[in-house]
Amino acid sequence: NLNRNDFDGNLNVKRNFNQFATYINRWSPTNQNTTINRAGGSGPYGVYSSRLIEDGSYIRLKTVSLGYNFIPAKLKKMGIKTLRIYASGQNLITWTKYSGYDPEVSVYSGALTPGSDYSPYPRARTLIVGANLTF
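The shown structure was predicted, so the numbers you read here are calculated from the model rather than taken from an experiment. (Residues numbered from 1 in each chain as written. Predicted model: local features only at pLDDT ≥ 70, side-chain atom pairs only at ≥ 80, totals over all residues. Heavy atoms only, no water.)

Caption draft 1: Here's a closer look at the sheet that holds strand E2 (residues 82-96). Taking strand neighbours across the sheet as the criterion, the three strands line up as E1-E2-E3 in an open arrangement whose pairing is antiparallel. A single partner strand is all that each edge strand has here, and the edge strands are strand E1 (58-69) and strand E3 (126-134). Strand-to-strand twist of the sheet, defined as the mean angle between neighbouring strand axes without regard to direction, takes the value 10°. Note that E1 and E2 share eleven bridges and pair antiparallel. For serine 65, the partnering residue across the bridge sits in E2 and is serine 88. (Pairing = 2+ DSSP bridges. Helix = DSSP H or I, 4+ residues; strand = E, 2+ residues; numbered from the N terminus. Axes fitted to C-alpha atoms, helices over the stretch in contact; angles between N-to-C directions.)

Structural data, given as structure tokens:
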């Protein structure tokens, strides 16, 4: 087990790996009143615990596409045959009470750890806007 002496002045673990500063408040035999798992596992025995289970339900606005074709008769005065404008977006918003980056966490799961959150990157939010013109 690591203790406070295992950290340098910048709260980095001296044993060749970095940790968040909150790691210093992880569970240990002398610090049992914490919500942060012990090094190498969860709780005092290093096993998975129901204490870490949370509701992962969510609603996500995943894909939206909108477009508009202008009336050709009105465009003729400007020398334009057709004009279409459009916008498309992906992963626009997610409604959830889940505390992690993404409630869709099964990016590294096995038979013993389905749905475990291994801190995947949040899904990219994309927005595309464009126009199609014919003269």
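Caption draft 2: Spotlight on the pattern of salt bridges. Considering all chains together, one arrives at four salt bridges under this definition. One salt bridge connects aspartate 102 with arginine 60, and the closest N-O pair in it is separated by 2.7 Å. On the criterion of sequence distance, the pair formed by aspartate 102 in the loop between E2 and E3 and arginine 60 in strand E1 is long-range, its members being 42 residues apart. Residue aspartate 102 shares its accessibility class with arginine 60, and that shared class is buried. Arginine 123 is the partner of aspartate 102 in a salt bridge, and the nearest nitrogen-oxygen pair spans 2.8 Å. Of this pair, aspartate 102 sits in the loop between E2 and E3 while arginine 123 sits in the loop between E2 and E3, and the two are 21 residues apart along the sequence. Residue arginine 123 is classed as partly exposed on the basis of its relative accessible area of 35%. Residues participating in the shared-partner salt-bridge network are Arg60, Asp102, Glu104 and Arg123. (Salt bridge = Lys/Arg side-chain N within 4 Å of Asp/Glu carboxyl O. Buried < 20%, exposed > 50% of the residue type's maximum accessible area, 1.4 Å probe, protein only.)

Caption draft 3: Inspection of the side chain of asparagine 31 at higher detail. Turning to its location among the elements, asparagine 31 is positioned in the segment before E1. At a separation of 2.9 Å, a polar atom in the side chain of asparagine 31 contacts the side chain of asparagine 25. Here asparagine 31 is in contact with Asn25 and Arg26, once residues within four sequence places are set aside. (Polar contact = N/O pair within 3.5 Å; in protein donor to acceptor, adjacent residues only side chain to side chain. Contact = heavy atoms within 4.5 Å.)

Caption draft 4: Quick look at the packing of aromatic side chains. Under the counting rule described, the total for this entry stands at one aromatic pair. Here tyrosine 68 and phenylalanine 70 contribute two aromatic rings whose centre-to-centre distance is 4.9 Å and whose plane-to-plane angle is 90°, an arrangement assigned as edge-to-face. Judged by relative accessible area, tyrosine 68 falls into the partly exposed class, the value being 44%. (Phe/Tyr/Trp six-rings, centres within 6.5 Å; stacked < 30°, edge-to-face > 60°.)

Caption draft 5: Fine view of the environment of tryptophan 27. Assignment of secondary structure puts tryptophan 27 in the segment before E1. Distance in space between the C-alpha atoms of tryptophan 27 and asparagine 37 is 5.4 Å, their sequence separation being ten residues.

Caption draft 6: Highlighting the environment of isoleucine 36. Structurally, the position occupied by isoleucine 36 is in the segment before E1. Of the residues examined, isoleucine 36 reaches a relative accessible area of 26% and is grouped as partly exposed. Along the chain, isoleucine 36 and tyrosine 23 lie 13 residues apart, while their C-alpha atoms are 7.4 Å from each other. Each residue touching isoleucine 36, except ones within four places of it in the same chain, is listed here: Thr22, Asn25, Arg26 and Trp27.

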